[in-house]
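Here are the chains, one letter per residue:
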Amino acid sequence: MNYDIVWSKVLEQIKNDLSSISYITWFQDTKLYKFENEKAYIIVPMQIHKKHLIDNYSELIISKLQEITNTSYELILLLNEEIVEEEEKKKQEVKTSTNENIGFKENENVNNNLNPKYLFDNFIVGNSNKFAHAAALSVAENPGHMYNPLFLYGNSGLGKTHLMHAIGNYIVENTNKRVLYVTSEQFRQDFVKANRKDDSGTNFNYIDFFKNKYRNIDVLLIDDIQFLGGAGKSQEEFFHTFNNLYNDSKQIIISSDRSPTDLKLLEDRLRTRFTWGLTVNIYPPEYALKTEILKKKIIAGNFEQDIPDDVIEYIASNIGPDVRQLEGSVTRLLAYSAIMGGEAITLDLAIEALKDFISKGIGEKNDIQRIQKIVSEYFQISMEDIRSKKRSSNISFPRQIAMYLCRAMTSESFPKIGTEFGGKDHSTVMHSVEKIENEIKTNKDLANIVEKLKKDIGVV
Ligand code: ADP
Ligand code: MG
């Protein structure tokens, strides 16, 4: 039985019975850990959830579980730490008893670690992520064939993890293939465990467990590979795992916050392998995608209140590019309105509610200024000049490049970029961006300069 799927069904139903705020507060971050001896072990985020859920919602949870599983379970609510303790205890028991494999037996389903909430169905596609989405779907439909490995990279919060789970869930749903999702940190921890010696000087249990876990699979999804940098021995083991799977035409999907060439802490032989298949960059969402995501999140959240368009526009143009922050802003806005006694959500209320959020967020305005600074330093002109209306070519050319970079690397609209460059109108900005775009195609020197500047600007 897949606990994540069972629990997502329970949550779906509970969601319908509760107000969205109650649901988000009390249920959103819960997880079904396991069923054992007619007990359902549920992980909750904080101590306060235990009491509140037992006092107010235990009947509801028990009845929903019964509807879905036909079993009446007693509820045991636990914090994550408590689960870890329990697992450690268990491992000790197994270690001292027999020679059995730990956590893995033949024919037993490997826990694939997939989050059933991340699907292609709820991944919203726009210009900035359409290539990544198409590549991911193509791998999901045809694992191990066309693009191996698939290397997805981009800044935090742009949907890499979402896409990886979507691939995994799709393959599990449509084939009998064995899928495993891990972060590079989990891989490292497993490797360390496998190499820890027990009293007899060996640790066969874990070595077997490790090999079974990572080599007896058809699809390996490894998230945030940049964290493997510096972990020498784990890196080496990953190299062997990679070769093993690759040679057997097993699909490997890797994500990272930077491109293979920029993964400076990884060995060359790994970086080269990462480029054998398809490397795809996922970009910050453009304005239209941001509004689309906001709208869909509001609908999916089943919130009773409508959020007016001007509020959505306000959020989309002031928050981001991290999609997590977009989601967070919606939650915060609704919580704020509920605390204010269910006040209708208006632009004024949104400005008030998101005040701190916006100044803390990655202000896109700062990104434009950062780009202006890097470009003006490169061309040795002043910030003042690059932000001015001056037309001399030693200034206007760098300005055009800066405008192009702002458009390519941030999710700013043309009018917004215009206001930051001496109040240019939207068509002038568009024209400059197009001009540089075209010139790059034929002028190799310019293309190199732009590449260098992009590297200097780095994470936007
Ligand atoms: P990353 O791994 O790139 O840091 P995540 O995949 O964790 O980002 O995405 C952060 C959050 O934003 C997740 O809740 C994810 O579902 C959501 N998200 C990101 N991109 C999209 C998208 N295009 N459509 C729907 N949700 C998205
Ligand atoms: Mg991620």
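See the structure above.
Here's what I pulled together on the structure shown here. Everything quoted here is computed from the prediction, not taken from an experiment.

### Notes on the site of ligand 1
Part 1 of the argument: If you check the shell around ligand 1, you find 18 residues, and the closest are Ile-124, Gly-157, Lys-160, Thr-161 and His-162.
Part 2 of the argument: One of the side-chain N or O atoms of Lys-297 is found 3.1 Å from a nitrogen atom in ligand 1.
Part 3 of the argument: Considered on its own, ligand 1 offers 560 Å² of accessible surface; in the complex 94% of this is hidden by protein.
Part 4 of the argument: Broken down by secondary-structure element, the contributors of at least two residues to the shell around ligand 1 are helix 6 (160-174), helix 11 (287-300) and helix 13 (323-339).
Part 5 of the argument: Taken together, the residues of the shell around ligand 1 break down into six nonpolar, eight polar and four charged.
Part 6 of the argument: Counting residues domain by domain, the shell around ligand 1 receives three or more from each of domain 2 (103-281) and domain 3 (287-359).

### Notes on unusual backbone geometry
Part 1 of the argument: Note that the residue after Asn-148, namely Pro-149, is joined by a cis bond; omega there is -5 degrees.
Part 2 of the argument: Residue placement: Pro-149 occurs in the loop between helix 5 (130-141) and strand 4 (150-153).
Part 3 of the argument: Of note, Glu-38 is a non-glycine position whose phi angle comes to about 60 degrees, a positive value.
Part 4 of the argument: Mapping Glu-38 onto the fold places it in the loop between strand 1 (31-36) and strand 2 (39-44).
Part 5 of the argument: Residue Glu-38 is classed as exposed on the basis of its relative accessible area, which comes to 54%.
Part 6 of the argument: Even without being a glycine, Ser-249 presents a positive backbone phi close to 55 degrees.
Part 7 of the argument: Inspection of the secondary structure puts Ser-249 in the loop between helix 9 (232-247) and strand 7 (251-256).

Cut-off values and rules
- Residues numbered from 1 in each chain as written.
- Chains lettered and ligands numbered in written order.
- Predicted model: local features only at pLDDT ≥ 70, side-chain atom pairs only at ≥ 80, totals over all residues.
- Heavy atoms only, no water.
- Near = heavy atom within 4 Å.
- Polar contact = N/O pair within 3.5 Å; in protein donor to acceptor, adjacent residues only side chain to side chain.
- Areas by Shrake-Rupley, 256 points an atom, 1.4 Å probe, with all protein chains shown as cover.
- Helix = DSSP H or I, 4+ residues; strand = E, 2+ residues; numbered from the N terminus.
- Nonpolar A, V, L, I, M, F, W, Y, C, P; charged D, E, K, R; others polar.
- Domains from an automatic or database assignment.
- Buried < 20%, exposed > 50% of the residue type's maximum accessible area, 1.4 Å probe, protein only.

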